[in-house]
Amino acid sequence: RQAHPPVDGLRPRDERRRRRRAHAEHKLTAYNHAKVRRFAKSHDRPVIQFSAEHKGIDQNTGSQITDKDFRGLPAELELCEEAAVLLIHNLVVKLSLMNGTRGTAKHIIYAPGTGPNHDELRFRMPFCIVCDFPHLQGPVVLQRCAFSRT
């Protein structure tokens, strides 16, 4: 028997696995977007969508980089206030802010002069997203603040 030559350095079996994994990741992203949209519609909340801003390289080159190259951070995100969020990295383990921790997006804050409908892509990125993690074991960071909304 003769083995099939590798395609792009991968054997056919590895290539099939890579394609299945990419397909599953695409389906998961579509599922998450649909879930946020359903939640937003049922709670009468606007959905914001923003893309990663690539610094040091042009935006077209940056958009070709995969999520895997950014430790799993998605290049595009859809979110609304009161939607569920899930940490995908360990932030502060001793305060229970670690991979897998579930919380809620409470406020989406934009810097003055920016917002989700701005003409320029680079000014659509939120300044900050305040999340509530009910099982946080540590000091309360924000109790009550007046946020300006756009």
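Refer to the structure presented above.
Residues numbered from 1 in each chain as written. Predicted model: local features only at pLDDT ≥ 70, side-chain atom pairs only at ≥ 80, totals over all residues. Heavy atoms only, no water.

**A look at the sheet that holds strand E4 (residues 102-109)**
Now for step 1: Strands sit in the order E3-E4-E5 across an open sheet of three strands; the sheet is antiparallel. The open sheet has two edge strands with one neighbour each: strand E3 (84-86) and strand E5 (128-132). Pairs of neighbouring strands in the sheet enclose a mean axial angle of 50 degrees, with direction left out of account. (Pairing = 2+ DSSP bridges. Helix = DSSP H or I, 4+ residues; strand = E, 2+ residues; numbered from the N terminus. Axes fitted to C-alpha atoms, helices over the stretch in contact; angles between N-to-C directions.)

**As for unusual backbone geometry**
Leaving glycine aside, a negative phi is the common case for residues, and trans is the common case for peptide bonds.
Now for step 1: In this structure, Asp44 is a non-glycine residue whose phi angle is positive, near 50 degrees.
Now for step 2: Along the polypeptide, Asp44 turns up in the loop between helix H1 (12-42) and strand E1 (48-51).
Now for step 3: The phi dihedral of Glu82 is positive, around 75 degrees, even though this residue is not glycine.
Now for step 4: Inspection of the secondary structure assignment puts Glu82 in the loop between strand E2 (76-79) and E3.
Now for step 5: Residue classification places Glu82 among the partly exposed residues on the basis of a relative accessible area of 29%. (Buried < 20%, exposed > 50% of the residue type's maximum accessible area, 1.4 Å probe, protein only.)

**A look at the nonpolar core**
Nonpolar side chains in soluble globular proteins generally cluster together in the buried interior.
Now for step 1: Counting residues in each nonpolar core, the largest one holds 14 residues, and the members touching the most others are Ile48, Leu79, Cys80, Val85, Ile108 and Phe133.
Now for step 2: Of all the secondary-structure elements, those providing two or more residues to this core are H1, E1 and E4.
Now for step 3: Among residues more than four places away in sequence, those in contact with Ile48 are Leu77, Glu78, Leu79, Ile108, Tyr110, Pro116 and Pro126. (Core = buried A, V, L, I, M, F, W, Y, C linked by side-chain atoms within 4.5 Å. Contact = heavy atoms within 4.5 Å.)

**Some thoughts on a nonpolar patch on the surface**
Now for step 1: The grouping of Leu73, Leu86 and Ile88 at the surface amounts to a nonpolar patch, some 250 Å² of accessible area in total.
Now for step 2: Within the secondary structure, Leu86 is located in strand E3.
Now for step 3: Classification of Leu86 by relative accessible area gives partly exposed; the value is 46%. (Patch = residues over 30% accessible without salt bridge, like charges linked within 9 Å, V, L, I, M, F, W, Y side chains within 5 Å. Areas by Shrake-Rupley, 256 points an atom, 1.4 Å probe, with all protein chains shown as cover. Salt bridge = Lys/Arg side-chain N within 4 Å of Asp/Glu carboxyl O.)

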